[in-house]
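Next come the chains, spelled out residue by residue.
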Amino acid sequence: MKKKIVRLFSALLLFSFAFELLKAQDYDFSQSSEILGKDNPQRSAYDVLFYDLNLRILPTERKIRGSNLIRYRLLAQVDSLQIDLSPLLEIDSILNQKGEKIAFTRYQTAVKIPLSHTTIGQQSWVQVFYQGSPLVAQNPPWQGGFSWEKDANGNDWIGVSCQGIGAQTWFPCKEVLTDKPDSVRLTFEVPTPLFCVANGNLQAQTELSDGFTRYQWATSYPINTYNITLNVGNYAHFSDYFKNQSGEKLDLDYYVLAYQEKIAKPHFKQVKEMLAIYEKLLGAYPFPKDGFALVETPYLGMEHQSAIAYGNGYQNNRYDFDYIIIHESGHEYFGNSLTATDIGEMWIHEAFTTYLEALFVEEKSGYAQALRYLAGQRVFIKNDAPIVAPLGLRYFSIASTDMYYKGSWFLHTLRHVVDDTPLWKQTLRDFYQTYKHRQVSTAEVIDFFVQKLEKKIAEKQKRANVKAIFEQYLYYAKPPIFQYCIEKVAQKADSISYRLHYRWQTDVPNFEMPLPVLMADQKPLFLDSVTNLWQHYDFSYDLKQATSLAKRNGQPDFFPEIAFFEDKFYILTQMTPLQGAEGEKEAKAVSEKSRDLPAIVPELDFSPKTDTTMSTTIRGKVTFQDLEGGFWGIISHEGKSYKPDQMPAELQKQGLEVEVEAEEIKGFSIFMWGTNIRIISYKIR
């Protein structure tokens, strides 16, 4: 039975990288990131089948205590196995399948367990008993960990987010994306009368004699460790269902703070439209046995499988949807079902999901609105780091937002290189369907799209090196640069002749991608094959037309110029005219100076940064910013912009005069507007 069992039991019974890990003097970041990020024989030797996590949550002490039983199948003969657990948590003991205590060694996050009496192919288990104070989230969900908060009525409100830093911050596990447990059972004991929500379905709720209530949840599908979650609070529960295209019912469950139930019910009605659109685009919801749930959290949001974290304050954007609901739920497809093989390939999760937002707008409101939405994303593109991060490292902060917005725009660029909307949408659907409930690497993504698209593009009398296009956008910070110059060739009595010299300037050799441009007479020029080599195109203007254009533009002499043809054809690139370049001789000279560079991915900055500063008083007006889904901010009387991580509902009114006591949050945020702050207290003036 789905989560409705909660009501039955209630009737019967009357529930930033983690820089704090650096506290140890000898904790070396680069080495620890390798320990967590790189595979080794002690990790690859076993396949995790099942986690049975049992924890007591102690809000007053901010501690957890319990065990995790890890069932596995041995794949290769080794002397020991490695599991991962934060050094902030103390291991009391580890038992083997015979119930015997076994010795273990710890080095930073790595826990080595000796292996004996297990043969290849055999199933076995170990159970780790542990306790301690888990990492406290400094800027969740980006700098994750436990969030120990209070709701507006002073009740404990607890959540966990660990996408970047990993689930090892709060339970022992195998911290790799390539090995999901086939299912998990999650048993949490929390102080009565608090309620606990986790992944999957609620199987049991038991009131204990010592003032705690035990909640047991379980999933039916493989799950990423960072998707495993718990949420504790004074929750109200209401439910609904969605009927898919096959006529099957999907359970919908919503867990919100009790005083938010009235506003949440109408707000969450948009979930059905979203599920219908996603099913049309990609196929049926991927976890039907576990159902779909939204859980209100003290942080913005996270794609916790079948228990999506929601904390966006029940606000829709100008496109009439809640950005967090649409984005985080999109991760059920890209991220939770289809999963990258390495944390450095998180673009596979984020780029496809961010582009899925635009496709949602397109299905809901038309292509013109989708282009406006994409234009809102484009302002966040920074071109400051490669979209694909270094592999084999567990990096704990996202160095750039480009995996979201540049990734989305890269996909939109590829769509228009294909120039066939039905083919493009079918290709996206085929990609998801091919890799659903599986892991996929960047190399496999590239190979899939090359096989699906390159021949189709050629059939349209255009040429594109799809592999090179992927590599330039993913592995280098800068997009391809369209470099060109225009040469006046001759002037006759009735016409003027010109030659356009052009090429792509890229880091990747053999780059080839078509590009349409707009000439001075407002006529499109479709360059069906643009390469790294200098090419030319001859064209001419009627002398009367040239004179008329010069007069209209206030120029003494006419000279043609080109621009993007973006109203019809969106390509993420840069254009660089060679000023003063006259003729092919100059173009050739520029060409000879340029050499193909080796494909080197720059190292990301892993240096620790301060998380927060001392509190300050801000006086100003509340404003709604219609950027990336829309959000509430504050513009001070001095003209400085501030973006609260959570804007209280009472303050969500355009132009409201406020005085807030807040602390600045340093570190990464997907919002690039203003200074990130956390409101401590506020007054309405």
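Here the structure is a predicted model, which is why all the values come from computation and not from measurement. (Residues numbered from 1 in each chain as written. Predicted model: local features only at pLDDT ≥ 70, side-chain atom pairs only at ≥ 80, totals over all residues. Heavy atoms only, no water.)

1. A look at unusual backbone geometry
Glycine aside, a negative phi is what most residues show, and trans is what most peptide bonds show. The residue after P140, namely P141, is reached through a cis peptide bond having omega 5°. Mapped onto the elements, P141 comes out in the loop between β7 (123–132) and β8 (145–150). Even without being glycine, Q108 reaches a positive phi, approximately 55°. Inspection of the secondary structure assignment puts Q108 in the loop between β5 (105–107) and β6 (110–114). Relative accessible area serves as the criterion here: at 11%, Q108 is assigned to the buried category. (Helix = DSSP H or I, 4+ residues; strand = E, 2+ residues; numbered from the N terminus. Buried < 20%, exposed > 50% of the residue type's maximum accessible area, 1.4 Å probe, protein only.)

2. Observations concerning helix α5 (residues 270–282)
With 13 residues, α5 should reach 18 Å at 1.5 Å per residue; the first-to-last C-alpha distance of 18 Å fits that figure. Burial in α5 covers these residues: Q270, V271, M274, L275, I277, Y278, E279, L281 and L282. Trailing α5 by a residue or two, G283 shows a phi angle of about 125°, which is positive. (Expected span 1.5 Å × (residues − 1).)

3. A closer look at the side chain of T219
Inspection of the secondary structure assignment puts T219 in the loop between β13 (212–218) and β14 (230–233). Within the structure, T219 has its side chain in polar contact with the backbone oxygen of Y221 (distance 3.5 Å). If we ignore the near neighbours within four places in the chain, the residues touching T219 are S183, V184, N199, G200 and D290. (Polar contact = N/O pair within 3.5 Å; in protein donor to acceptor, adjacent residues only side chain to side chain. Contact = heavy atoms within 4.5 Å.)

4. Quick word on the packing of aromatic side chains
As enumerated under the stated definition, the model contains 54 aromatic pairs in all. Ring centres 5.0 Å apart and planes at 25° place the aromatic pair F146 and W148 in the stacked group. As far as the burial class goes, F146 and W148 line up, both buried. When the ring of Y537 is compared with that of F539, the centres are 6.0 Å apart and the planes differ by 15°; the resulting orientation is stacked. Geometry around Y241 places K249 over its ring, the cationic atom sitting 4.3 Å from the centre. (Phe/Tyr/Trp six-rings, centres within 6.5 Å; stacked < 30°, edge-to-face > 60°. Lys NZ or Arg CZ within 6 Å of the ring centre and 35° of its normal.)

5. Re the packing of helix α7 (residues 347–365) against helix α9 (residues 405–418)
Helix packing geometry: the angle between the two helix axes and the distance between the axes. Where α7 meets α9, the closest approach of the two axes is 7 Å, and the angle between their N-to-C directions is 60°. When the interaxial angle is binned, α7 and α9 end up oblique. For α7 against α9, the interelement crossing comes out right-handed. Listed contacts from α9 to A351, F352, T354, Y355, L359 and E362 of α7 are Y405, G407, S408, L411, H412 and R415. Class assignment for the residues of the contact of α7 with α9 results in six nonpolar, four polar and two charged. (Axes fitted to C-alpha atoms, helices over the stretch in contact; angles between N-to-C directions. Parallel < 35°, antiparallel > 145°, perpendicular 65-115°, else oblique. Left-handed = near helix turned anticlockwise from the far one by under 90°. Nonpolar A, V, L, I, M, F, W, Y, C, P; charged D, E, K, R; others polar.)

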